[in-house]
Amino acid sequence: MSDAHRRFYRELRVGHFEGDFLMVHAGLRPNVPLESQIESDLLWIRDPFLTSDAISPDRGAWPYHRPPAGDPPNRIGIDTGAFHTGRLTCLVLQGTELGFLQT
C-alpha cells in the first residue's frame, strides 16, 4: 500500500458533519449525547439505533432497496446493499433540499 493510502486511512474520521447532518457508518446510541458517543457504536451499532424513535438531528444508514428518507424522521438510510444488489446510492445535499443518485 502506498504512503498516500496509508495516510488516508490513518486520517479518516468516524463521522462527518455537513450543515446539521451527521454522517456515520452505522448509527448513534439513542439518548446518549453526541459528545459521549463511542467510536464502535458509530461504526457498528444496529438494533438499538434502528429501533429507536428518539427524535434528534442525528442521521445514519442501514441497508434498503431504496433510500427511506425521513422515515423515521431522524435518519436517512443510503445503504442499498451494493455488495449484493449492485445498487450504490449517494445522498445529495443542496441547501435544505436532499436527493439521491443511484447506479
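Residues numbered from 1 in each chain as written. Predicted model: local features only at pLDDT ≥ 70, side-chain atom pairs only at ≥ 80, totals over all residues. Heavy atoms only, no water.

Engineer: Teacher, can you tell me more about the pattern of salt bridges here?
Structural biologist: Between side chains of opposite charge, pairing is possible as soon as their charged atoms come close. For the coordinates displayed, the defined rule picks out two salt bridges. Residue Arg29 pairs with Asp41 through a salt bridge whose shortest N-O separation is 2.9 Å. With Arg29 in the loop between β2 (21-24) and α2 (39-44) and Asp41 in helix α2, this pair connects stretches of sequence that are 12 residues apart. Residue class for Arg29 comes out partly exposed when judged on its relative accessible area of 33%. (Salt bridge = Lys/Arg side-chain N within 4 Å of Asp/Glu carboxyl O. Helix = DSSP H or I, 4+ residues; strand = E, 2+ residues; numbered from the N terminus. Buried < 20%, exposed > 50% of the residue type's maximum accessible area, 1.4 Å probe, protein only.)

Engineer: Hey, could you run me through the packing of aromatic side chains in this one?
Structural biologist: The geometry of an aromatic ring pair comes down to the distance between the two centres and the angle between the two planes. Evaluation of the coordinates by the stated rule reveals one aromatic pair. Centre to centre, the rings of Phe8 and Tyr9 are 5.2 Å apart; their planes meet at 75°, and the pair counts as edge-to-face. Given a relative accessible area of 47%, Phe8 falls into the partly exposed group. (Phe/Tyr/Trp six-rings, centres within 6.5 Å; stacked < 30°, edge-to-face > 60°.)

Engineer: I'm lost on unusual backbone geometry in this one. Help?
Structural biologist: Residues other than glycine predominantly adopt negative phi, and peptide bonds predominantly adopt the trans conformation. Positioned with a positive phi, Asn31 is a non-glycine residue whose angle comes to about 65°. Looking at the element boundaries, Asn31 is found in the loop between β2 and α2.

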